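Working through the structure, step by step
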Amino acid sequence: MNTRYRRAVLAGNWKMNLLCGDVKPYAQRLRELAERRARREVLVCVPFPLIPAAVRAFRGSHIAVGAQDVSEEPKGARTGEVSAAQLRDAGVKYVIVGHSERRQYHGETDSVVNRKLTAVHGEGMTPILCVGETLEQRELGIQGELVTMQVKAALSGLPEELLRRTIIAYEPIWAIGTGRTASPEQAQEMCALIRSVLRQLYGARAARAVPVLYGGSMNADNAEALLRQPDVDGGLVGGASLDPEKFSRIIAAADRLETPGTV
Ligand code: 13P
């Protein structure tokens, strides 16, 4: 983390877990445990039906509510889909786009991810763009090329001022939900690579401002070593974000590493 240049971001991704009744006690507990800090953001990305309860429960706090997906279309005949305008209207501030589970189970291509990212920006929300390789791709040694391609395709046509309002998460698929975390060195290498792609596309100043997160079996025990890496600016946390005690310990690890100074 380097909070001198950019804010830290700790994002929970509940995936398809928890029910409406769980939201209020969760929010109360997390509000007690995670103190407000100027240079970091905390948010939870909840399933669509839980959004109103989450927005209510976190109102007036420093914790924001995110969604896990969005339609690439603005409105109309898309049964089962939710538009960016509907999410914004519901109080959502962040939207995950291109999560590997969407790519894997719903056939999302890089060009769909690009359209979703554009839709999220169009409504003034912050996209969290997920990229990452499979185990097979890592074994072939092509993770760098693959992630470079994913980043370039997803950001295609995005102006610099909107890049500065974008978050990127490196999530190696082999580390998601497996308990097999990337080593701090592997996470650093890939997050630094993502930043070098941003530098190439937008220049050093813009690249320096974008938070790049790590996701994949992050927990209270391994968070500090991962977040200590200079290009790992936070975490996108699945399983461990379901419990406010565990999530708050990850947030506390980030707070211990905060660099004095201003973003
Ligand atoms: P886990 O933390 O459960 O491995 O999930 C990571 C993830 O996919 C977050 O988006």
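Residues numbered from 1 in each chain as written. Predicted model: local features only at pLDDT ≥ 70, side-chain atom pairs only at ≥ 80, totals over all residues. Heavy atoms only, no water.

Examining the site of the ligand
Quick reminder of the rule: In this text, near means that some heavy atom of the residue lies within 4 Å of the molecule or strand in question. By the criterion applied in these results, polar contacts are pairs of N or O atoms within 3.5 Å in which, for protein atoms, one can donate a hydrogen and the other can accept it, and in which residues neighboring in sequence qualify only through two side-chain atoms. A 1.4 Å probe and the Shrake-Rupley method give the accessible areas. Residues count as covered only by the protein chains that appear here. Polar here means any residue other than Ala, Val, Leu, Ile, Met, Phe, Trp, Tyr, Cys and Pro, which are nonpolar, and Asp, Glu, Lys and Arg, which are charged; Gly is therefore polar.
Every residue lining the ligand is accounted for by Asn13, Lys15, His99, Glu171, Ala175, Ile176, Gly177, Gly216, Ser217, Leu236, Gly238 and Gly239. One of the side-chain N or O atoms of asparagine 13 is found 3.0 Å from an oxygen atom in the ligand. The contact in question runs from an oxygen atom of the ligand to an N or O atom on the backbone of serine 217, over 2.7 Å. When isolated, the ligand has an accessible area of 310 Å², and the protein chains bury 94% of it. In terms of residue class, the shell around the ligand is made up of three nonpolar, seven polar and two charged.

Considerations on the environment of histidine 121
Counted only if it meets this: For the purposes of this entry, the term helix denotes a DSSP run of H or I that reaches at least four residues, the term strand denotes a run of E that reaches at least two, and both are numbered from the N terminus. The buried label applies to any residue whose accessible area, calculated with a 1.4 Å probe on protein chains only, is under 20% of its type's maximum; exposed applies above 50%, and partly exposed to all values in between. Contacts are assigned to residue pairs that have any heavy atoms within 4.5 Å of one another.
By secondary structure assignment, the location of histidine 121 is in helix 5 (residues 110–122). Note on histidine 121: relative accessible area 7%, which makes it buried. Not counting residues within four places of it along the chain, the set of residues in contact with histidine 121 comprises Pro127, Leu158, Leu162, Arg165 and Thr166.

Notes on the packing of aromatic side chains
Put simply, the rule reads: Pairs were defined over the aromatic rings of Phe, Tyr and Trp, the Trp ring being its six-membered one, requiring ring centres within 6.5 Å. Orientation was assigned from the angle between planes: stacked under 30 degrees, edge-to-face over 60, tilted for the rest.
Evaluation of the coordinates by the stated rule reveals two aromatic pairs. Ring geometry for tryptophan 14 against tyrosine 26: centres 4.6 Å apart, planes inclined by 75°, an arrangement best described as edge-to-face. Residue tryptophan 14 is found in the loop between strand 1 (8–13) and helix 1 (20–33), and its partner tyrosine 26 is found in helix 1; the two are separated by twelve residues along the sequence. On the basis of relative accessibility, which here comes to 5%, the residue tyrosine 26 falls in the buried class. Ring centres of tyrosine 170 and tyrosine 214 lie 6.4 Å apart, and the angle between their planes is 55°; this geometry places the pair in the tilted category. Here tyrosine 170, found in strand 6 (residues 167–170), pairs with tyrosine 214, found in strand 7 (residues 212–214); they are 44 residues apart in sequence, far enough to count as distant. On the basis of relative accessibility, which here comes to 0%, the residue tyrosine 170 falls in the buried class. Of the residues examined, tyrosine 214 reaches a relative accessible area of 0% and is grouped as buried.

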